[in-house]
Amino acid sequence: MNERKATISRNTLETQITVTVNLDGTGQSEFDTGVPFLDHMMDQIARHGMIDLVVQAKGDLHIDDHHTVEDIGITMGQAFAEAVGDKKGINRYGHAYVPLDEALSRVVIDFSGRAGMEYHVPYTRASVGGFDVDLFSEFFHGFVNHAKVTLHIDNLRGTNTHHQAETVFKAFGRALRMALTVDERMAGITPSTKGCL
């Protein structure tokens, strides 16, 4: 099997982002983004997805976190798309439920080649540690549109906003891990972008 790795850099007037992924990693991560709570959440993707993930970002944080968070999602989506390649042999579909105390989230993903997202997370607070949790939707939209995946994210219950976010990101990592696992029985099959496998 070819190495499923990629490094993507994206430079705009607002941000300079570089993302490196190894889809067959051990869950190692390194972040330098200036957005600590996002770093904490991306670490959950790496550890629970068994994906090595390095993200370096410089952005207009003196304005707010919006451009940086969205552009990291975009660049990460591009890196995943390149690393996964023709998708031959992958499970394609992944899903996970993750609890954390009172919170429970479900994430379902399809490496369909078509971008689509349903995002239902009724956060109980607007921010955690100074981070605007509405920006997580921008992060996932950026990822979905550039990885070309179908993604359903549902926080089923929770009263602690930190727990709500953390269960979403842990479930996202685990769903990725399931979808990206190579099944030798599927090795000759490339997922269709037209619906049925």
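See the structure printed just above.
One structure accompanies this document, and this report is about it. (Residues numbered from 1 in each chain as written. Predicted model: local features only at pLDDT ≥ 70, side-chain atom pairs only at ≥ 80, totals over all residues. Heavy atoms only, no water.)

### As for the packing of helix H1 (residues 36-49) against helix H4 (residues 161-180)
For step 1, the next point in the chain: One can describe the packing of H1 onto H4 by two numbers: an axis separation of 7 Å at closest approach and a directional angle of 35°. The chirality of how H1 crosses H4 is right-handed. Judged by residue contacts, Phe 37, His 40, Met 41, Met 42, Gln 44, Ile 45, His 48 and Gly 49 of H1 engage His 162, Ala 165, Glu 166, Phe 169, Lys 170, Phe 172, Gly 173, Arg 174, Leu 176 and Arg 177 from H4. (Axes fitted to C-alpha atoms, helices over the stretch in contact; angles between N-to-C directions. Helix = DSSP H or I, 4+ residues; strand = E, 2+ residues; numbered from the N terminus. Left-handed = near helix turned anticlockwise from the far one by under 90°. Contact = heavy atoms within 4.5 Å.)

### Details of the pattern of salt bridges
For step 1, the next point in the chain: Taken as a whole and judged by the stated rule, the model has seven salt bridges.
For step 2, the next point in the chain: For Arg 4, the salt bridge goes to Asp 24, with nearest N and O atoms at 2.7 Å. Pair noted here: Arg 4 is in the segment before strand E1 (5-11) and Asp 24 is in the loop between strand E2 (15-22) and strand E3 (29-32), with a separation of 20 residues, a long-range link.
For step 3, the next point in the chain: A relative accessible area of 8% places Arg 4 in the buried class.
For step 4, the next point in the chain: In this structure, Arg 106 and Asp 154 form a salt bridge, with 3.4 Å as the shortest nitrogen-oxygen distance. With a gap of 48 residues between them, Arg 106 in strand E6 (residues 103-110) and Asp 154 in strand E10 (residues 150-157) connect regions that are remote in the sequence. (Salt bridge = Lys/Arg side-chain N within 4 Å of Asp/Glu carboxyl O. Buried < 20%, exposed > 50% of the residue type's maximum accessible area, 1.4 Å probe, protein only.)

### Some remarks on the sheet that holds E2
For step 1, the next point in the chain: Ordered by their spatial adjacency, four strands build an open sheet running E1-E2-E4-E3, and the pairing between neighbours is mixed. The open sheet has two edge strands with one neighbour each: E1 and E3. With strand direction ignored, the average angle separating the axes of adjacent strands in the sheet is 5°.
For step 2, the next point in the chain: As judged from the seven bridges shared by E1 and E2, these two strands associate in the antiparallel manner. (Pairing = 2+ DSSP bridges.)

### Some words on the pairing of strand E5 (residues 93-100)
For step 1, the next point in the chain: Alternating residues of E5 divide into Gly 94, Ala 96, Val 98 and Leu 100, all buried, and Tyr 93, His 95, Tyr 97 and Pro 99, none buried.
For step 2, the next point in the chain: Bridge count for E5 against E6 is eight bridges, and the pairing is antiparallel. Each bridged residue has a counterpart across the sheet, and for Ala 96 the counterpart in E6 is Val 107.
For step 3, the next point in the chain: The antiparallel pairing of E5 with E6 creates a hairpin that spans two residues between the two strands, and Asp 101 there sits at a positive phi of about 55°.

### A word on the side chain of Thr 161
For step 1, the next point in the chain: Within the secondary structure layout, Thr 161 lies in helix H4.
For step 2, the next point in the chain: When its relative accessible area of 0% is taken as the criterion, Thr 161 is described as buried.
For step 3, the next point in the chain: Apart from residues lying up to four places away in sequence, Thr 161 is in contact with Tyr 123, Thr 124, Arg 125, Val 128 and Val 133.

### Focus on the nonpolar core
For step 1, the next point in the chain: Met 76, Phe 136, Phe 139, Phe 140 and Leu 176 are the most contacted members of the largest nonpolar core, which has 56 residues in total.
For step 2, the next point in the chain: No other element matches the nine residues that H4 contributes to this core.
For step 3, the next point in the chain: If sequence neighbours within four positions are ignored, Met 76 has contacts with Val 19, Met 42, Ile 45, Leu 53, Val 55, Phe 139 and Phe 143. (Core = buried A, V, L, I, M, F, W, Y, C linked by side-chain atoms within 4.5 Å.)

### Section: the packing of aromatic side chains
Aromatic rings in a pair are described by how distant their centres are and how their planes are angled relative to each other.
For step 1, the next point in the chain: Applying the stated criterion across every chain yields a total of twelve aromatic pairs.
For step 2, the next point in the chain: Taking the centre distance of 6.1 Å and the plane angle of 40° together, the rings of Tyr 119 and Phe 140 count as tilted. Here Tyr 119 is found in strand E7 (residues 116-120), whereas its partner Phe 140 is found in helix H3 (residues 135-147), with 21 residues between them in sequence. In this structure, Tyr 119 and Phe 140 share a single accessibility class: buried.
For step 3, the next point in the chain: Judged by centre distance (4.9 Å) and plane angle (65°), the rings of Phe 136 and Phe 169 are edge-to-face. Here Phe 136, found in helix H3, pairs with Phe 169, found in helix H4; they are 33 residues apart in sequence, far enough to count as distant.
For step 4, the next point in the chain: Since its relative accessible area comes to 0%, Phe 136 is described here as buried.
For step 5, the next point in the chain: A relative accessible area of 0% places Phe 169 in the buried class.
For step 6, the next point in the chain: A network of ring pairs unites the aromatic residues Phe 37, Phe 80, Tyr 119, Tyr 123, Phe 131, Phe 136, Phe 139, Phe 140, Phe 143, Phe 169 and Phe 172 as a single cluster. (Phe/Tyr/Trp six-rings, centres within 6.5 Å; stacked < 30°, edge-to-face > 60°.)

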